[in-house]
Amino acid sequence: MTLWEIILLILAATAVFASAVYGIQTRQVMARLERMLDDAIHGQFRESQYDETHLSRLEAKFGQFLSASSLSRERIETDRKNLTETIGDISHQTKTPIANMVLYTQLLLEQDLSPDALELAVQIGAQGEKLDSLIQSLVKTSRLETGVITPTPVSSDIGTLFGELERGYTPAAQAKGVTLCFPEKPSLFAAFDPKWTAEAVGNIIHNAIKYTSSGGSVTVSCQSYELFCRINVTDTGIGIPEEEQARIFQRFYRGSQVRQEDGVGVGLYLSRQIITAQGGYIKVQSTSGKGSIFSVFLPT
């Protein structure tokens, strides 16, 4: 064997040895990183080594990041809790004054008032009801967001839901001169919380009636798919401009065409929160001036 052959053999052996050592070290590093991530997922992360290696420095920085994230999460939860308590306090403190305002307004309306005074009394009553609706919506929204109240989906009958919605919203539709139509009471079942889903779909029907002119119609129908049940609320109202459709589910958002109407912009936001919490979702199709179709998808 020549000298060059010996040198090449030594180099080859060294390369194999180095590759083996590198493979072992790589597996050790990956195993340590995996343990770090597992501990972080379970909230048990602690620095295990204190030296000047790159991995140890990475571990230290990872620990600092998790600590900062935990502190930030705690602050967010504290803020949410404080906000929920504040809204609850506001609701409690204003409940009686608002009820008295509405009662006194009703008593005033029973009196022989001048036309100007009668108009003012009607406005006071309307604003009192609007304030009460706003506070109740804020309370529901904050409790949903913080998990104080959680919708509990169970196998429920869509036909029963439709019957409740028809009874609840037909008087408002008739008063507005709008036809509220439920073509059928389907014998379909989906997974939803009956009380909260009635509120979510009811908010959509309420808006459809509000923004449909007298002589128009609102139709509530249902379609069944393999994974979802789809509830459609179709109206012949003012429609929603395309550029606003992505924002109508934001809290307090009021479209450019409806800002002069009564409302606080919480209904659709609350509806989406309720449906999303149950594993469903809401879609909208609309053309300005030609009505809208709101589709609520509930898991079957």
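First things first, this report covers the structure right here in the doc. (Residues numbered from 1 in each chain as written. Predicted model: local features only at pLDDT ≥ 70, side-chain atom pairs only at ≥ 80, totals over all residues. Heavy atoms only, no water.)

Read from one edge of the open sheet, 5 strands run β2-β4-β5-β7-β6, paired in mixed fashion. The sheet terminates laterally at β2 (179-181) and β6 (281-286), the two strands that pair on one side only. When strand polarity is set aside, the average angle formed by the axes of neighbouring strands in this sheet is 15°. Relative to strand β5 (residues 228-235), strand β4 (residues 217-224) runs antiparallel, the two sharing 7 bridges. Opposite T219, over in β5, you have T234 as the bridge partner. This element, helix α5 (residues 194-210), spans β2, β4, β5, β6 and β7 (292-299) of the sheet and lies at about 25° to β5. (Pairing = 2+ DSSP bridges. Helix = DSSP H or I, 4+ residues; strand = E, 2+ residues; numbered from the N terminus. Axes fitted to C-alpha atoms, helices over the stretch in contact; angles between N-to-C directions. Contact = heavy atoms within 4.5 Å.)

Positionally, S292 belongs in strand β7. Within the structure, the side chain of S292 is placed 2.7 Å from the side chain of S286, a separation counted as a polar contact. Residue contacts for S292: discarding those within four places in its chain leaves V233, T234, D235, G239, I240, Q285 and S286. (Polar contact = N/O pair within 3.5 Å; in protein donor to acceptor, adjacent residues only side chain to side chain.)

In terms of residue burial, β5 counts as a mostly covered element, since 6 of its 8 residues are buried. The hairpin formed by β4 and β5 contains 3 residues between the paired strands. (Buried < 20%, exposed > 50% of the residue type's maximum accessible area, 1.4 Å probe, protein only.)

Let us now look at the environment of L118. For L118, the location among the structural elements is in helix α3 (residues 115-145). The spatial distance from the C-alpha of L118 to the C-alpha of T105 is 9.8 Å, given a sequence separation of 13 residues. Residue contacts for L118: discarding those within four places in its chain leaves L109 and L113.

Everything listed is a geometric property; what it means functionally is a separate question.
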